[in-house]
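# Coordinate inspection notes
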Amino acid sequence: MSIEKFISQPPLIVHSSLSQLRYLVLSEGLSDQGHPRTRSHVWSILSRASLEKCTQDYLLLVQLGPPPANWISKIKNDTFRTLSTDEKFRAKVDESQLIRVLSCFAWDVLHHNNRKTSLPQLSPYVQGMNVLLAPFLYVCPTEPIAYKLFHTICYQMIPTYLNQSLSGVHVAAKLLDKCLKIIDPKLSKFLADNLLTAEIFGIPSILTLSACNKPLDQVIKLWDFMFAYGFHMNILFIVAQLVLNRQAIMVSDSPMNLLRDIPNINADEIITLGVGFLAKLPDPLYKNLVDHLTDESTASRL
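An account of the accompanying structure is given in this report. (Residues numbered from 1 in each chain as written. Predicted model: local features only at pLDDT ≥ 70, side-chain atom pairs only at ≥ 80, totals over all residues. Heavy atoms only, no water.)

## Remarks on the packing of helix α8 (residues 95-115) against helix α10 (residues 143-157)
If you want to describe how two helices pack, look at the angle between their axes and the distance between the axes. Relative orientation of the contacting elements α8 and α10 amounts to 45°, with a least axis distance of 10 Å. If you check the angle between α8 and α10, you find them oblique. Relative to α10, the crossing made by α8 is right-handed. Contact with α8, carried on its side by Gln-97, Arg-100, Val-101, Leu-102, Cys-104, Phe-105, Asp-108, Val-109 and His-112, involves Glu-143, Tyr-147, Phe-150, His-151, Cys-154 and Tyr-155 of α10 and no other residues of that element. By residue class, the composition of the contact of α8 with α10 is 9 nonpolar, 3 polar and 3 charged. (Axes fitted to C-alpha atoms, helices over the stretch in contact; angles between N-to-C directions. Helix = DSSP H or I, 4+ residues; strand = E, 2+ residues; numbered from the N terminus. Parallel < 35°, antiparallel > 145°, perpendicular 65-115°, else oblique. Left-handed = near helix turned anticlockwise from the far one by under 90°. Contact = heavy atoms within 4.5 Å. Nonpolar A, V, L, I, M, F, W, Y, C, P; charged D, E, K, R; others polar.)

Printed below as a string of C-alpha cells:
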C-alpha cells in the first residue's frame, strides 16, 4: 500500500497503524509531488498534532500583532538571514511569514508561562528558532499548519532544547561527544586534542535538528526519518556527518572552519550510518539519548 492510500484511510485506522506508516516512510520515502499536503499530513500524524481548528487558533494569535519589543527585535534580528543562500527556500518562503509565525509562537509561550499551565516553560524566542521553523514553512501548504507542527515539535518533542537555559542542547552536546568517542575513538581524540568539543561546534546542528545544514531537500529527508523514529536520532546523524568527513577534518589546518561549513549532506548516507551506530551504543547511553529531549533530569545521569 502506498503512503497516499494509507493516509487516505479513516483517522482511527491510520493512528492505530503508526508502525506501518513508519515502515512506509522508511521503505518508500515521502514526496510532495502530485499532492502538496502529503508530507505535512504524514508529519502531523507521526507527531500526533491535531490540525483541527489550527487555522482558527493561528488567526487569533496573528490578531495580537507583534510580541513585546524585546522579543520582536530578537526575531527580526535573525529572520532576514534564514537559509539566505538557499534559493528554493527564499523563492517559496517570505521573511514576513517567518516573523509572523515566530511572533505567534512568542505570544503563545508568554501566555502559557504567565498562566503557569501544565505545558513546559519555554523561551518565547531563542536564536536558531528561525532555522528550526524554516522546513515547516517550506513543506506545509499553509502558515497555520506550519505553526501547528512547529508548536508541537517545540512543546512535545524537544522542550528541553527551548527552555530559558537551553539545558537539553547542552546535554545533547555531551551525549554527542560520548557517542563519537564510542563510534570513532580516533576522530574523537583528534577533536578533543584540538579542544573541539560538541559544545564548540555542534550547537547549531543540535538546536535546529540539522536544519542549518544544506541542501534543504536532504534535511527534509532526515526529518522524515526523525518524525517516524525519533528526534534523538539527530545526535547520531551529526556523528555520521563527522565520520563521513573525518579524513578532511583530520588533515585540515583549520578543522573548526570545516566543522562550521560541513559540505552538502546526503540524507540516505547519513541515515544508513546513523542507524548502524545504534548497535554500538550501550543501553544506558541510548536511554539518555532518547530521554534528554523531554526529561531535564537526564543531565544528572551523565
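## Observations regarding the environment of Ser-300
Note on placement: Ser-300 falls in the segment after α20 (283-291). Each C-alpha atom, one on Ser-300 and one on Leu-51, is 36 Å from the other, the two residues being 249 residues apart in sequence. In terms of polar contacts, Ser-300 uses its side chain to reach the backbone carbonyl oxygen of Ser-297, at 2.6 Å. (Polar contact = N/O pair within 3.5 Å; in protein donor to acceptor, adjacent residues only side chain to side chain.)

## Concerning α10
Compared with the 21 Å implied by 1.5 Å per residue over 15 residues, the 20 Å span of α10 between its first and last C-alpha is a close match. Within α10, 13 of the 15 residues are buried, which leaves the element mostly enclosed by the surrounding structure. Near the N-terminus of α10, the side chain that reaches the backbone nitrogen of Ile-145, with its oxygen 3.3 Å away, is that of Thr-142. (Expected span 1.5 Å × (residues − 1). Buried < 20%, exposed > 50% of the residue type's maximum accessible area, 1.4 Å probe, protein only.)

## What to know about the state of the cysteines
In protein chemistry, a disulfide is the covalent bond that joins the sulfur atoms of two cysteines. Under the definition given, this model contains 0 disulfides. Cysteine Cys-140 shares no disulfide, and the gap to the nearest cysteine sulfur, in Cys-54, comes to 9.2 Å. Judged by relative accessible area, which is 6%, Cys-140 ranks as buried. (Disulfide = S-S within 2.5 Å.)

## Concerning the packing of aromatic side chains
Using the criterion set out here, one finds 15 aromatic pairs in the structure. Ring centres of Trp-43 and Trp-223 lie 5.8 Å apart, and the angle between their planes is 45°; this geometry places the pair in the tilted category. With Trp-43 in helix α4 (residues 38-46) and Trp-223 in helix α15 (residues 216-229), this pair connects stretches of sequence that are 180 residues apart. With respect to burial, Trp-43 and Trp-223 carry one shared label: buried. (Phe/Tyr/Trp six-rings, centres within 6.5 Å; stacked < 30°, edge-to-face > 60°.)

## Section: unusual backbone geometry
Most of the time, phi is negative for any residue but glycine, and the peptide bond is trans. Residue Lys-214 is joined to Pro-215 through a cis peptide bond whose omega torsion reads 0°. Among the secondary structure elements, Pro-215 is positioned in the loop between α14 (203-207) and α15. With phi around 65°, Lys-53 is a residue other than glycine that occupies positive phi space. Of note, Lys-53 is situated in the loop between α4 and α5 (54-62). For Lys-53, a relative accessible area of 47% corresponds to the partly exposed category. The phi angle at Lys-116 is positive, at roughly 50°, despite the residue not being glycine. The residue Lys-116 is located in the loop between α8 and α9 (129-139) in this model.

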